[in-house]
Amino acid sequence: MKTFELSFSVNEKVRKLSVPYGKTLLEILRYDLGLTGTKEGCGKGDCGACTVMIDDEPVNSCLVLAPQVEGRTVITVEGLGDEKALHPIQEAFLREGAVQCGFCTPGILMAAKALLDKKPRPRELDVRKAISGNLCRCTGYAKIVKAILSASGTD
Ligand code: FES
Ligand code: FES
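A few points on the structure. (Residues numbered from 1 in each chain as written. Chains lettered and ligands numbered in written order. Predicted model: local features only at pLDDT ≥ 70, side-chain atom pairs only at ≥ 80, totals over all residues. Heavy atoms only, no water.)

## Describing the nonpolar core
Here is step 1 of the chain: Judged by nonpolar contacts, the single largest core of 25 residues is most densely connected at F93, I108, I131, I144 and I148.
Here is step 2 of the chain: Listed by contribution, the elements that provide at least two residues to this core are α2 (88-95), α3 (105-118) and α5 (142-152).
Here is step 3 of the chain: Residues in contact with F93, not counting those within four places in the same chain, are A98, V99, T105, I108, L109, I144, A147 and I148.
Here is step 4 of the chain: One finds L6, L25, V69 and V74 within the second-largest nonpolar core, a separate group that totals 17 residues. (Core = buried A, V, L, I, M, F, W, Y, C linked by side-chain atoms within 4.5 Å. Buried < 20%, exposed > 50% of the residue type's maximum accessible area, 1.4 Å probe, protein only. Helix = DSSP H or I, 4+ residues; strand = E, 2+ residues; numbered from the N terminus. Contact = heavy atoms within 4.5 Å.)

Okay, here's the thing in structure tokens:
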């Protein structure tokens, strides 16, 4: 397969790698860069498990091909926080019990971050809209919505 030299920023680090044109951003993150926090669910844009931020917008990384991220800025869940320094949205998810199996959580955290960056004091409807592309089979969403509102201080 034909490859090209890709250069883009991931979690504030410039990454350069040779990749096939048809490789998805999700595959690059997980298999080339070892950033396995971003999950693969459906692989076709339906579940939101693979959500990352590209230039501040939440995007399904399974639908993005390598050339589309050339020169762009990607933030994954690993860029949000870690065990030693959780992001306030992650803390809120723990506090509110918004995580069960956790498979949907990285994608929902990134959708929530994109919302709160743009709208720090969202209404419940804004939150529900922002995560409407993210499927969760476990929680029933109530605790997730509460956690995002709690992170924003509007609960
Ligand atoms: Fe990308 Fe489901 S894995 S939307
Ligand atoms: Fe299991 Fe959301 S916590 S899918």
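## Points about unusual backbone geometry
Here is step 1 of the chain: Phi at D56 takes a positive value of approximately 75°, unusual for a residue other than glycine.
Here is step 2 of the chain: The backbone of Y141 sits at a positive phi, close to 75°, despite the residue not being glycine.
Here is step 3 of the chain: Considering the arrangement of structural elements, one finds Y141 in the loop between α4 (124-130) and α5.
Here is step 4 of the chain: When its relative accessible area of 24% is taken as the criterion, Y141 is described as partly exposed.

## Here's the deal with the environment of R15
Here is step 1 of the chain: In this structure, R15 sits in strand β2 (residues 13-20).
Here is step 2 of the chain: Non-local contacts of R15, meaning those with residues more than four positions away in its chain, are made with L6, S7, F8, V10 and L33.

## Thoughts on α2
Here is step 1 of the chain: The set of residues buried in α2 consists of I89, Q90, A92 and F93. Looking straight down α2, one finds that the buried residues subtend no more than 160° of arc, so they occupy a single side. Exposed positions of α2 whose direction lies more than 90 degrees from the buried face are L94 and R95.
Here is step 2 of the chain: Check the buried side of α2 and you find it contacts α3 and α5.
Here is step 3 of the chain: Phi for G97, located one or two positions after α2, is positive at around 65°. (Arc of directions from axis to C-beta.)

## Looking at the sheet that holds β2
Here is step 1 of the chain: Strands sit in the order β2-β1-β5-β3-β4 across an open sheet of five strands; the sheet is mixed. Single-partner strands in this sheet number two, and they are β2 and β4 (57-60). Sheet twist, expressed as the average angle between the axes of neighbouring strands with direction ignored, equals 40°.
Here is step 2 of the chain: Sheet analysis places strand β1 (residues 3-10) next to β2, joined by eight bridges and oriented antiparallel. Bridge pairing links S7 to K16 in β2. (Pairing = 2+ DSSP bridges. Axes fitted to C-alpha atoms, helices over the stretch in contact; angles between N-to-C directions.)

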